[in-house]
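Spelled out, the chains give:
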Amino acid sequence: MYNASKEQYDAFDRQHDYLGSKIKLGKELLWLTKEQCIECGPSIDEILDIVKDTMIAHGKNEYEMPAKIGIHPYEDVFFHAMPAYVPGQTAAGIKWIECFPRNPRQYGLPQTTGVQVMNDIATGVPVAIMDCTWITAMRTPAVTALSAAALKPETEYFGMFGAGVQGKEHLRYIVHTLKKLKKIYLYDIYEDAVKKAIAEVQPEIDVEIVPAKDPKEIAEKCETMSSATIILRDPLCVVKDEWISPGQTIIPCDMNTFFDLKTQYKADKYIVDSIEEHQLFADMGYFPQDKGLPKVYAQTGEILAGTKPGRESADELIVCSNIGISVNDIAVGESILMKALENGVGTILPL
Ligand SMILES: NC(=O)c1ccc[n+]([C@@H]2O[C@H](COP(=O)([O-])OP(=O)(O)OC[C@H]3O[C@@H](n4cnc5c(N)ncnc54)[C@H](O)[C@@H]3O)[C@@H](O)[C@H]2O)c1
């Protein structure tokens, strides 16, 4: 449990009064669609600021966030319950998210879907239910982009594996934090996904995005790489350890799956967004049972807070695995909720 300060409790009371001036607390709640979340959503730079502050709060233990619990009706899917309390952002709530990798090709539905409940901290009552897919699509690349800038700011060549929802947003975000980028390489198992992503994102960013001919090309050319493909109990290890060089920074969003596990075990620094979250996956068998989780050097928030050094030499091989932590969802959700109430966006429903 985190003990809030007097100032934070005062902020909860002020927020309660504000919420009560906009909806009948305990009797009503606000429903926000994905489009309405986008309409009220912070800009990329604002999201980077919110996520940075939240990661720093996480790095300083100013939060409460039990590791995800989940259900798994099929081998390759999960539903996750992700509660969080971030007192510094006056934010509390829970995300209920599903990840079904076969959805896009088999059902024409997104791989990732879900909703998020936001609560009044002073009374606990639910205040809003909102789509969480846009929030997830924004906070995830924000964490990668912040990690990349903290661990290899001089990166000129960035590589992205996966050209889906997350992959495309990574292209948009990375140019905000890696200021020396010359080129971005993009790879997906489906060539058409790469073509579509480049057609959609290239007009919005100045750095050239090129299709990689295979994963090896990215591993050999890029100082910093990220992946958002699929999360499987049995890793695919697509990027072979022998393609990896000292000094590279690898920032997977799909944890154990895409990069050779050998690389993850041998990294000079293995950093994770949350030790508890990663340990939970290790306990579920996502890492070899005889080896367990690679030895964790630090949490990403500690690097961003400056309480642990990030890169200390040009040759260090660093893996920074961010599996996704709900403190960021709830903090970004709070910002959307406040804007929606201010502008009268959304549908008020009886509770
Ligand atoms: N770490 C986090 O915070 C976080 C947050 C959201 C999603 N994710 C994960 O990111 C991944 C992508 O999510 P999304 O919403 O972008 O899904 P998506 O379905 O929109 O995109 C995934 C892309 O990866 C590609 N892909 C799948 N297998 C591949 C392979 N072997 N090689 C190359 N490309 C491959 C697919 O063709 C697709 O284009 C999922 O595993 C999801 O669980 C992580």
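Right above here is the structure, for reference.
About the criteria used
- Residues numbered from 1 in each chain as written.
- Predicted model: local features only at pLDDT ≥ 70, side-chain atom pairs only at ≥ 80, totals over all residues.
- Heavy atoms only, no water.
- Near = heavy atom within 4 Å.
- Polar contact = N/O pair within 3.5 Å; in protein donor to acceptor, adjacent residues only side chain to side chain.
- Helix = DSSP H or I, 4+ residues; strand = E, 2+ residues; numbered from the N terminus.
- Nonpolar A, V, L, I, M, F, W, Y, C, P; charged D, E, K, R; others polar.
- Domains from an automatic or database assignment.
- Buried < 20%, exposed > 50% of the residue type's maximum accessible area, 1.4 Å probe, protein only.
- Pairing = 2+ DSSP bridges.

J.: So what about the site of the ligand? Which residues, and what values?
T.: Residues in contact with the ligand amount to 26 residues; listed here are only the nearest, Gln111, Arg139, Gln166, Asp188 and Asn322. Gln166 is positioned with one of its backbone polar atoms (N or O) 2.8 Å from an oxygen atom of the ligand. In the environment of the ligand, a nitrogen atom lies 3.1 Å from a nitrogen or oxygen atom belonging to the backbone of Ile323. Counting residues per element, the ones that place at least two in the shell around the ligand are α5 (133–151) and α6 (165–177). The leading source of residues in the shell around the ligand is α5, at three residues. Residue classes in the shell around the ligand are distributed as 14 nonpolar, ten polar and two charged. Split by domain, the residues of the shell around the ligand number at least three in each of domain 1 (6–136 + 327–350) and domain 2 (138–324).

J.: Describe the pairing of strand β14 (residues 318–321), and please don't skip the residues or the numbers.
T.: Working note: regular strand, side chains alternate between the two faces of the sheet. Residues Ile318 and Cys320 point to one face of β14 and Val319 and Ser321 to the other, with burial holding for every one of them. Across two bridges, strand β11 (residues 249–252) lies against β14 in parallel orientation. If you follow Ile250 over to β14, its bridge partner there is Val319. Of the pairings in the sheet, the one linking strand β12 (residues 269–272) to β14 comprises four bridges and is parallel in character.

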